[in-house]
Each structure stands twice: as structure tokens, then as C-alpha cells.
Amino acid sequence: MASIKLANISKSLGRNDILRGIDLDIGSGEFIVFVGPSGCGKSTLLRLIAGLDEITSGELLIDGVLANGMSPSDRRVAMVFQSYALYPHMTVRENMSFSLKNARMDKREIEKRVQEAARSLDLAGHLDRLPKQLSGGQRQRVAIGRAIVREPGLFLFDEPLSNLDAALRVQTRIEIARLHKSLKTTMIYVTHDQVEAMTLADRIVVLNAGRIEQVGSPLDLYNRPANLFVAGFIGSPQMNFISLSTTGPGASREMVLGIRPEHLSISRDEQYLASFAGKIEFIENLGEQVLIYVNIGQDRPLVAKVSPDEDFALGQHVALKMEHGRAHYFDGESGMRLEREAGHG
Amino acid sequence: MMIGLRKSRLWEIALLGGALLFALFYLAPFLTIVLTSFKPAAEVIASPPRLLPSHFSIENYLHMASALNIGRSMWNSLVVTFGSTAIAMALGSMAGYAVARSHSPVVRSFFLLALLARVVPPVTLAIPILGMIRWAGLIDTQIGLILVHAALNLPFVIWMSSGFFQDIPADLEEAAIVDGCNRFTAFTRIILPVATPGLAATAIFAAMLSWNEYLFALLLTNVEAKTAPVAVSELLNVYSSEWGAMTAAGTLFTIPVLILAIIIQRRIVEGMAMGAVKG
Ligand SMILES: Nc1ncnc2c1ncn2[C@@H]1O[C@H](COP(=O)(O)OP(=O)(O)OP(=O)(O)O)[C@@H](O)[C@H]1O
Ligand SMILES: [Mg+2]
């Protein structure tokens, strides 16, 4: 149950700065999720923590001890790779006991732990099979089992579910959540998937171009995104942005108003106390909800998420209303969040 | 429907016949040697030549055994082949792994240099190598020839094995390192076993090169460490050409390679079809 502290960590490869000035405190037992666009450095940061890559500058502390130069096994981390990285020439049992044998653990203890992990992961009948004789989901569980048996202080997951089909992904996601509840081990989890991030994380770390944009609980990020990047990245479909310029007592000011599609309501009644009005340009039916794209004269249409019971047609003129207190305001230049008082102009 | 079936059956037979003809074409010289070796001595250079022996005879084998110490030279060949292949594989696979995993320009250029060494015609290397082996006092020793064959084979082994290592995802050794291995034990316990089919194929090619090598064997050995190719060639000299004995020696000389090929044939095919190492 390790606690992790990253202090001003940077990573460069040649002349490329891949990570810059990363500061992060991870409490013992926390479930942390790294999200961010492809290439932003999520895997790199995970590998620095695992000890697979060298930290260029800054300090990594594990349980308060400087770990920059420690070998991966001394860090007591276990890692689940996106490709699973099972040893193809070893049976499931050998795969799971490999690290314990390396640690010269007692044979009976090894067998006990392997049996336990196999039982909890529903692999008990497959211990003598080779990885190639398993399904994708079973391989994934072996990879998790290989991490569990070590009873590590820290679990690292790099997009562990991205090779599974949708149904299996949901099931394994729930299994991982249950695992965290029962083991209470610190976990760091990299994903592209918003739902995984929102459902699993105690706190989400949003990375962009080698920097941390915001750290916070899923609800924090959803309700109070610190800047335009986070506002646009968290939530699906994306938040609507509308440029405004206000003229206050001093100079005029460029601002961006953000409103999530689920916080816009639509009415055919143009007299309705509307925030915006326009023509329906496109309708996307997702089954349990419908996305309505309304052209309000900006370059991008506003998207509203409505229930399928409401009946709208292409070309219709409609009014859009923002749910009270749900608008976000950002500085037009820096993209930073402005507190709400500033927005009432 | 019927016609389609018959047509495809015909096509299959034609294909099979073609393949057999092709195989026969490649095998013809070898079959000739084997058949000739069992002819009575007088028939070996009969004109016009006949394909089959008039009667089965081991005359040629007896003659060869008296003309040269075939047991000794076969033994030398075996020792040299085995020794040089073992050294080339041990060093070459480690170097091949380093080449496969390194991004360093220094390692890359070393690799190209090593390949260059293989491109140089062996004859140009003969004089300096002869000098070195003489200086080391290893003329006419198995060790001397082992070292030279290992050195000749090294670039090839590095090149071929690095290709196989490249096909193994780096995740595997990283997982091993997280599981408590160091770089070296990750290599020996995870990467080597996974690469075995490819390395077996590499070893076969290296062994065949050493087994058949003639030029350096001729230059560096004369009595004690003489290998089979050199011994066999001595049957041809200015005074006589012992064709019959040569066919017998040639047949014997092929047997070990044949056995090796049959044993490891499946592995070679696996090695060629590697790439499918995804766990
Ligand atoms: N060996 C390398 N040499 C140079 N640049 C590299 C190397 N490995 C990664 N990078 C760069 O580092 C950056 C971060 O890569 P990283 O794999 O951490 O991204 P990521 O956030 O995990 O992306 P993804 O979501 O696609 O997995 C990328 O821009 C990539 O191009
Ligand atoms: Mg990644």
C-alpha cells in the first residue's frame, strides 16, 4: 500500500521533452487514473514509476524513500501491460509464479498464492495451459493474476482493457474495481476510455503534451474543469463552446462560455426564455438518448442531449436553454476557468 | 460441378508431378553420388555412364578407407563444426539481441561493420588469418579452426538472430524485469526460450557453413586437425583421381548433415514462420 510522490519530474529523449515538471502526490490505497490524448506521455509516466525508464530530472519517492535509482522489483510494483506480455513458453501456473520464484519464495506458499489468485480470477481449470490456448479475456485475467500474486505495494495498469470486446471490457472493469476494494492497494491506471476513468478513479490526472492539466475527483473534473482543455476532454459528447466578448467597466474582454450537451434543453416554442435559437442541422439517435445539432450561426453547431421521447425534425427552428448554474466560463486568451461571478455580464 | 472437380483433381496431379520433377532435378547430383558409390570400382567411370550399379558393392568404401583416415577427419569436422557453431551462437545471439533492442547509432554502425566483414571475399582474409593463427601457435589444431569458423560465422549469426529478436515484443522482457529479473536473466529465461525456433534455424545454417568450409580448413590444418572436405579433396591429386573413393567419402560426409536436417527440420520451419510469438 505504497504512497507515491512525484516532484518536478521530467523526461527527455534526445532533444524531445516528453514530460515536463510533473508534480503529483498519490495517497496510500488511492485509485489514480491517467487520461489524455494519444502521445501525451501517459505510458511514459507509468514506465518512469515502474522503473522501466530512467527519470531525466526530478524526484520519485515511494513511501517517502527516494526511488529514482531503484530496480523495478525493489519498488514492489506490479504492472499489467496492454499486450498482457504473458511468457508464451510458460503455462499459466508458471507465468503466475515466475516473480515469486525469482524472489525465492517457499514452494508451498507460491502454490497457495497461485491457487488463490486462480480461484478468484476463474482460472483454476486452466493452470496447466499455455497462453496461446486461452481466450483474450482469460489471458487478460492471467496478466492480472500475475500481478496479484506478488502482493505488490502498487499496481500499474497500461490500458489493460483496450484489447477486449465491449462486453468483456465492462465485466473486467467491474472486476478491477472489486479487486481494488478488496486489496486496498494503490493503483495507477492509464486509459483512453472516459467511462473507465469516471467509474474507477478516486482521482483523475489529465495529461496533455507532457504536462498535468488538472488533478481531481471525477466529479470535480466534470463540474469544475480548470481550463478549456479539461473541459473539452472530459465528458462525451464534448462540451459546447461559445465565444463571447463582454464590455465591462474597464476594457472589453474575450471569454468562452462552455455548456455540456446534457445541460441544454430544447423547445419548439421560440418565445421560451431561451439562451440561443437556431435550426436543427443533424440528429443522431443513440438509442437511450438523442443528440440534436443546432446551428446558431457559429462555425460549430451546439449539441444538446435529449430523451428520445421528444420529437424533433431536421430543419426545425428551436430554442435552447441552459440549465441554471451549469455554464462554465473561461478566459479567452489563457483558457483558464473564470469563477462564476465574473461570468454574469 | 463434376467437371470442376475433375479439373481440380487433374490440376493437383500436375502440380504434384511438377514438384516431384523439381525435387528430382535438385536431388540428381546427390543421388548420382550415392548410387555411384555402391558401384563396383570398374563401373565408376564407365563410358557411357550407367545410372544403376550392375551389382551392389562396397569396394569403393573399402578403397577409400585404405586411402585416407576418414574416421579421423570426420571426427575433426564434427568437433570443429560443433565447437565453432556453439561459440558463434553464444556470442552472436547476445550481440543480435543487443542490436535488435538498441537505438544507439554506435551499435547500429557496429552491426553494419560486422556485416561488411561478411561481404569481404574470404580469400582476402586468408593471409592475415593465417598469420594470426600461426602467431598463436594454433596451426593444425581443432581450436585454431574452431576460432576461425566462429569468427566467420559471427556476422551471419548476429544478423539472422537479430531479426528473430526484433519480432519478440519488448514488453516481454520488461514484464520479466518487473517480475524481478535483470537484463541478463530476462534474456536467458524469457527471450532465449521464446526465440529458440529461430535460433535453431540460425544454428543449422552456421553449422552447415562450418561443416562444408574448405579454404581455411585447407590452409590451417594438415595432419592432426584435417577436416573431411580437405581429406576428400586429397583423393584428387596429380597422380590419380580416385573417383570411386570420392563418391564413397562424399556419401559418408553427407550423413551427419542429413540426420541433423531431419531432426531439426520442423524447428527450421517454425523458425521461418516465427513472428507468431504473440502471447
Ligand atoms: N523511444 C522513443 N523515442 C522518442 N520518442 C518517444 C519514444 N517513446 C515515446 N516517445 C514519444 O513520447 C511521447 C509520449 O509517449 P507515450 O507512449 O507515453 O504516450 P501515451 O500517452 O501513452 O500515448 P497512447 O495513449 O497513444 O498510448 C510521444 O509523443 C512519443 O512520440
Ligand atoms: Mg500509452
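The structure displayed is predicted, hence computed values, not measured ones.

## Observations regarding the domain arrangement of chain B
Where interface size is given, it is often the accessible area lost as the parts come together that is meant. Residue and element names in this part refer to chain B. What the domain assignment reports for chain B is domain 1 (2–60) and domain 2 (68–273). The gap between the C-alpha centroids of domain 1 and domain 2 is 32 Å. The interface of domain 1 with domain 2 comprises 8 residues on the first partner and 7 residues on the second. Carbon and sulfur atoms supply 80% of the area that domain 1 and domain 2 bury against each other, a total of about 620 Å² over both sides. On the domain 1 side of the contact with domain 2, Phe30, Ile33 and Asn60 bury the most area, a combined 55% of that side's loss.

## Brief notes about the site of ligand 1
Residue and element names in this part refer to chain A. The local shell around ligand 1 consists of Leu13, Ile18, Ser38, Gly39, Cys40, Gly41, Lys42, Ser43, Thr44, Glu159 and His192. Contacts to ligand 1 include Ser38, whose side-chain N or O atom sits 2.5 Å from an oxygen atom. With respect to ligand 1, the side chain of Ser43 contributes an N or O atom lying 2.6 Å from an oxygen atom. When ligand 1 is considered free in solution it has 640 Å² of accessible area, and contact with the protein chains removes 58% of it. By residue number, the principal contributor to the shell around ligand 1 is helix α1 (residues 42–50), which donates 3 residues. Residue classes in the shell around ligand 1 are distributed as 3 nonpolar, 6 polar and 2 charged.

## Some words on the domain arrangement of chain A
Residue and element names in this part refer to chain A. Domain assignment breaks chain A into domain 1 (4–233) and domain 2 (243–338). Listed per partner, the contact involves 9 residues of domain 1 and 10 residues of domain 2. On the domain 1 side of the interface with domain 2, the three residues burying the most area are Tyr222, Pro225 and Leu228, jointly 56% of the side's total. At the boundary of domain 1 with domain 2, the tally comes to 0 salt bridges. In this structure, the connection of domain 1 to domain 2 is made through 6 residue pairs in polar contact (both at pLDDT 80 or more). Of the residues forming the side of domain 1 that touches domain 2, the biggest block, 3 residues, is contributed by helix α7 (residues 218–223). Its residues placed into classes, the side of domain 1 that touches domain 2 shows 6 nonpolar, 2 polar and 1 charged.

## Focus on the interface of chain B and chain A
In this complex, chain B contributes 16 residues to the contact, which on the side of chain A involves 23 residues. Of the roughly 1700 Å² buried at the junction of chain B and chain A (both faces included), carbon and sulfur atoms supply 62%. Note that Arg150 of chain A is salt-bridged to Asp179 of chain B, the shortest N-O span being 3.5 Å. Those elements that place two or more of their residues in the side of chain B that touches chain A are α7 (170–178) and α8 (183–212) of chain B. Across the side of chain B that touches chain A, the residue classes tally to 10 nonpolar, 2 polar and 4 charged.

## So, unusual backbone geometry
Note the cis peptide between Ser236 of chain A and Pro237 of chain A, where omega equals -5 degrees. Within the element layout of this structure, Pro237 of chain A appears in the loop between α8 (228–233) and β11 (240–247). Of note, the phi angle at Asp140 of chain B is positive, near 60 degrees, even though the residue is not glycine. Within the secondary structure layout, Asp140 of chain B lies in the loop between α5 (122–135) and α6 (142–166).

## Focus: the UniProt feature "transmembrane region" (unreviewed entry) in chain B
Residues and elements named next belong to chain B. UniProt records the feature "transmembrane region" (unreviewed entry) for residues 74–98, 110–131, 143–165, 186–211 and 243–264 in the present numbering. What you have in residues 74–98 is 100% helix and 0% strand, and the ends, taken at the C-alpha atoms, are 36 Å apart. As a span, residues 110–131 carries 91% helix and 0% strand, and end to end its C-alpha atoms are 25 Å apart.

What counts, and where the lines are drawn
- Residues numbered from 1 in each chain as written.
- Chains lettered and ligands numbered in written order.
- Predicted model: local features only at pLDDT ≥ 70, side-chain atom pairs only at ≥ 80, totals over all residues.
- Heavy atoms only, no water.
- Domains from an automatic or database assignment.
- Contact = heavy atoms within 4.5 Å.
- Buried area = accessible area lost by both parts, 1.4 Å probe.
- Near = heavy atom within 4 Å.
- Polar contact = N/O pair within 3.5 Å; in protein donor to acceptor, adjacent residues only side chain to side chain.
- Areas by Shrake-Rupley, 256 points an atom, 1.4 Å probe, with all protein chains shown as cover.
- Helix = DSSP H or I, 4+ residues; strand = E, 2+ residues; numbered from the N terminus.
- Nonpolar A, V, L, I, M, F, W, Y, C, P; charged D, E, K, R; others polar.
- Salt bridge = Lys/Arg side-chain N within 4 Å of Asp/Glu carboxyl O.
- UniProt positions renumbered as here; feature names shortened; annotations may be inferred.

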